[in-house]
Amino acid sequence: MADVPKREVENIEFVFEVMGSPTEGIDAVDLGDALRSLNLNPTLAFIEKLGGTKRRHEKKIKLEEFLPIYSQVKKEKEQGCYEDFVECLKLYDKQEDGTMLLAELQHALLSLGENLEDEQVEELFADCMDPEDDEGMIPYSQFVQRLMSDPIVFD
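The model shown is predicted, which means the values in this text are computed figures rather than measured ones.

Trainee: Account for the overall build of the chain, naming residues and giving values.
Mentor: The secondary structure content of the chain amounts to eight helices and four strands. The C-alpha extent of the chain, read off along each of the three principal axes, is 50 × 30 × 25 Å. Burial status across the chain gives 37% buried among its 155 residues. Long-range contacts, defined here as pairs at least 24 residues apart, represent 64% of the contacts in the chain between residues at least 6 apart. Counting every atom, the chain has about 9900 Å² of accessible surface; 49% of that belongs to carbon and sulfur. Across the chain, the mean location of the 16 positive side-chain charges is 10 Å away from that of the 36 negative side-chain charges.

Right, dumping it as structure tokens:
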């Protein structure tokens, strides 16, 4: 069993209760969501490497299997943090006032890196976004803060 502090194991057990079952495990398609709900930010490629699947009911991951995965992701250096995401969005902050065009954020989410689907972006904006102002600008730091404090689970 991985060397995970007791407090963190309790949080992981809670995630298993919510997303699956402590005895039967969670569906491997939910591996990324489980890790993100524990304040980790692995990439989709890393999740797949760790055993995550793209289709439901292909595989279950039991708690004993999840603990070493959790430890490995926690040690991974390729995770983004709040400061990293805000620093990246500053590239779109033309007025250097903490705002960016909503359309630019939408474009970035739909077309760059591990891009999202239209429906996912709409759900993300509905859950985490302040209304845009008359010029189409949004405060991006609050968006990132909300996004990272309450992970969004896409069905």
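Trainee: Give me the lowdown on the packing of aromatic side chains, citing residues and values where you can.
Mentor: The full count for this structure, using the stated rule, is three aromatic pairs. Centre to centre, the rings of phenylalanine 125 and phenylalanine 143 are 6.0 Å apart; their planes meet at 75°, and the pair counts as edge-to-face. Of this pair, phenylalanine 125 sits in helix α7 (residues 118-128) while phenylalanine 143 sits in helix α8 (residues 140-149); the two residues are 18 residues apart in sequence, bridging distant segments of the chain. Judged on exposure class, the residue phenylalanine 125 and its partner phenylalanine 143 are both buried. Linked through ring pairs, Phe16, Phe66 and Tyr70 together constitute an aromatic cluster.

Trainee: Outline the side chain of aspartate 27, supporting the account with residue identities and numerical values.
Mentor: Relative to the elements of secondary structure, aspartate 27 occurs in strand β1 (residues 26-27). Buried and without a salt bridge, aspartate 27 has arginine 56 as its closest oppositely charged side chain, separated by 4.2 Å. Within polar-contact distance, the side chain of aspartate 27 engages the backbone nitrogen of valine 29 at 3.1 Å. Excluding anything up to four places from it in sequence, aspartate 27 contacts Thr53, Arg55, Arg56, His57, Lys59 and Lys60.

Trainee: I'd like a rundown of the pattern of salt bridges, residues and numbers included.
Mentor: This model, assessed by the stated rule, comprises ten salt bridges. Between arginine 7 and glutamate 10 there is a salt bridge, with its nearest N and O atoms 3.9 Å apart. Taken as a pair, arginine 7 and glutamate 10 lie in helix α1 (residues 6-19) at a separation of three residues, close to a single helical turn. Judged by its relative accessible area of 58%, arginine 7 falls in the exposed class. For arginine 36, the salt bridge is made with aspartate 33, and the minimal N-O distance between the two is 4.0 Å.

Trainee: Requested: an account of unusual backbone geometry, with residues and values cited.
Mentor: One non-glycine residue, histidine 57, adopts positive backbone phi at about 70°. With respect to the secondary-structure elements, histidine 57 resides in the loop between α3 (44-49) and β2 (60-61). On the basis of relative accessible area, histidine 57 is assigned to the exposed category, the value being 71%. The backbone phi angle of glutamate 96 is positive, close to 55°, even though this residue is not glycine. With respect to the helices and strands, glutamate 96 occurs in the loop between α5 (82-89) and β3 (99-101). A relative accessible area of 73% places glutamate 96 in the exposed class.

About the cut-offs
- Residues numbered from 1 in each chain as written.
- Predicted model: local features only at pLDDT ≥ 70, side-chain atom pairs only at ≥ 80, totals over all residues.
- Heavy atoms only, no water.
- Helix = DSSP H or I, 4+ residues; strand = E, 2+ residues; numbered from the N terminus.
- Buried < 20%, exposed > 50% of the residue type's maximum accessible area, 1.4 Å probe, protein only.
- Contact = heavy atoms within 4.5 Å.
- Areas by Shrake-Rupley, 256 points an atom, 1.4 Å probe, with all protein chains shown as cover.
- Lys, Arg positive; Asp, Glu negative; His and termini not counted.
- Charge placed at Lys NZ, Arg CZ, Asp CG, Glu CD.
- Phe/Tyr/Trp six-rings, centres within 6.5 Å; stacked < 30°, edge-to-face > 60°.
- Salt bridge = Lys/Arg side-chain N within 4 Å of Asp/Glu carboxyl O.
- Polar contact = N/O pair within 3.5 Å; in protein donor to acceptor, adjacent residues only side chain to side chain.

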